[in-house]
Amino acid sequence: MELSRRTVIAGAGAAAAGAAATTALGGTAHASPGRGKPARTLFGRLADGTKVHSWSLANGGTRLKVLSYGGIVQSLEVPDRRGRHANVSLGFGTLEEYVASSPYFGALIGRYGNRIGAGRFTLDGTVHQLSVNDGANSLHGGERGFDKRVWDVEPFAEGSDVGLRLSYVSADGEMGYPGTLRTRVTYTLTRHGDWRVDYAATTDRATVVNLTSHVYWNLAGESGGSVADHELSIAATRYTPVDSGLIPTGELARVGGTPFDFRGAKPVGRDLRAAHPQILYGQGFDHNWVLDKGVTARPQHAATLRDPASGRTLRIATTEPGLQFYSGNFLDGTLVGTGGRVYRQGDGLCLETQHFPDSPNRPSFPSTVLRPGGTYRSTTVHSFDA
Ligand code: GLA
């Protein structure tokens, strides 16, 4: 097993963390990252010898590191109100940790973001049994979803943008899904420092698709501890309540008068311990909000997350009709993050733009069906300021 420089740094406990780790992790080629074609370094090797690369790119004050394994955002640095950068995305320092047991840190999720009940759905009269990996259900594409695949990565610099085109061909029947799915995800850093994600997919047989990104945000910096003080607003009047297995009941419930009301900015921790049955099911927030804007051709505002202490603010705009807000409930103090500190419950949160969970079994939800000749498209833009 190859020990990368990252391994050494993470192993050293990065107590000298902050600045030291940032510089060291940035590598010599990116000591002062500016706009330019993304550069690649070897991050590690999988058990079968396959090389995994780390790609570094920077633009408009945002610095991004992406792995060819899972399309993982390994680090995303943005400045605070005094111009000090921090990595605001939870992750690991080594490939081995990502492979061993990652709760989808920073990863691309496919073919289907979130859960499909009983890991089964019927399409055009045919029942499809999926890989089941979350009790009786299929979560985030099954046992070996897109987060555990090696993607082809092509860098680009076009106009004022820099980015990466990631592609992966999922074979017909992979994880139980019908159709060969040709997937392309484009990560773009704009000159304003926005991180834009464009998803596209085609198939040769009718199938279902719901792609997303599973970044865990901590705007104080990934080692910053609890995000309970972050303020969150979500442009949604309704959410999809779930059963005890976190599968939507089919109801679109109003958020008014419940802990799920994030229409105005609210500290994440304020209602996190509310004795509401839905909070108990998820051990916190782990629900899909029904964005008021619905499916849109262009990305429209969905949510704002702000860390009052650093001033760092993240705005999310999407073409998708739903947003999974997951308050990091299953982080349990057993994983050591990029900065050498242990992640505990609520040390990061996810805002996953998506179609609603279990849509293939819910004809009343916006459809996730993709047919030959059609192209699945989805865009989410993450904008930062401080
Ligand atoms: C999603 C799910 C959660 C959990 C996390 C990963 O956000 O909704 O229930 O599985 O992914 O731990």
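Residues numbered from 1 in each chain as written. Predicted model: local features only at pLDDT ≥ 70, side-chain atom pairs only at ≥ 80, totals over all residues. Heavy atoms only, no water.

Draft legend 1. Region of interest: the sheet that holds strand β4 (residues 73–79). The strand order β1-β2-β3-β4-β5 describes an open sheet built from five strands, whose pairing is antiparallel. If you trace the sheet from one side to the other, it starts and ends with β1 (39–45) and β5 (85–87), each paired once. Strand-to-strand twist in this sheet, taken as the mean axis angle between neighbours without regard to direction, amounts to 20°. Bridge count for strand β3 (residues 62–67) against β4 is four bridges, and the pairing is antiparallel. The residue bridging K65 from the neighbouring strand is S75, located in β4. (Pairing = 2+ DSSP bridges. Helix = DSSP H or I, 4+ residues; strand = E, 2+ residues; numbered from the N terminus. Axes fitted to C-alpha atoms, helices over the stretch in contact; angles between N-to-C directions.)

Draft legend 2. Structural view of the nonpolar core. W195, W217, I234, W289 and F325 are the most contacted members of the largest nonpolar core, which totals 55 residues. Contact partners of I234, with chain neighbours within four places excluded, come to F262, R263, W289, L291, A302, A303, L323 and F325. (Core = buried A, V, L, I, M, F, W, Y, C linked by side-chain atoms within 4.5 Å. Buried < 20%, exposed > 50% of the residue type's maximum accessible area, 1.4 Å probe, protein only. Contact = heavy atoms within 4.5 Å.)

Draft legend 3. Spotlight on the side chain of T296. Considering the arrangement of structural elements, one finds T296 in the loop between β22 (286–291) and β23 (300–306). By relative accessible area, which is 12% here, T296 ends up buried. When residues no more than four places from it in sequence are discounted, the contact partners of T296 are T318 and T319.

Draft legend 4. Up close: the site of the ligand. Neighbouring the ligand are 13 residues, the closest being N114, R115, H214, D286 and E352. Here an oxygen atom of the ligand sits 2.8 Å away from a polar atom, N or O, in the side chain of H214. Here an oxygen atom of the ligand and a side-chain polar atom of Q324 are 3.4 Å apart. Protein coverage of the free-state accessible area of the ligand, which is 300 Å², stands at 95%. Here the residues of the shell around the ligand are counted per class, giving six nonpolar, four polar and three charged. (Near = heavy atom within 4 Å. Polar contact = N/O pair within 3.5 Å; in protein donor to acceptor, adjacent residues only side chain to side chain. Areas by Shrake-Rupley, 256 points an atom, 1.4 Å probe, with all protein chains shown as cover. Nonpolar A, V, L, I, M, F, W, Y, C, P; charged D, E, K, R; others polar.)

Draft legend 5. Here's a closer look at unusual backbone geometry. The residue after G110, namely R111, is reached through a cis peptide bond having omega 0°. Relative to the helices and strands, R111 resides in the loop between β6 (107–109) and β7 (115–116). In this structure, Y104 is a non-glycine residue whose phi angle is positive, near 65°. Exposure remark for Y104: the relative accessible area of 13% places this residue in the buried category.

Draft legend 6. Highlighting the confidence of the model for the chain. Averaged over all residues, the pLDDT of the chain equals 92, while 91% of them reach at least 70. pLDDT under 50 marks residues 1–33. Its contacts with residues more than four places away, or in other chains, come to 40 contacts. (pLDDT = per-residue confidence, 0-100.)

Draft legend 7. Here's a closer look at the pairing of β23. Of the strand pairs in this sheet, strand β18 (residues 231–234) and β23 are connected by four bridges, and their pairing is antiparallel. Counted as the bridge partner of E231 is R306 from β23. Where β23 lies against strand β24 (residues 313–318), six bridges are found, and the strand directions are antiparallel. Considered in β24, the bridge of R306 is made with T313.

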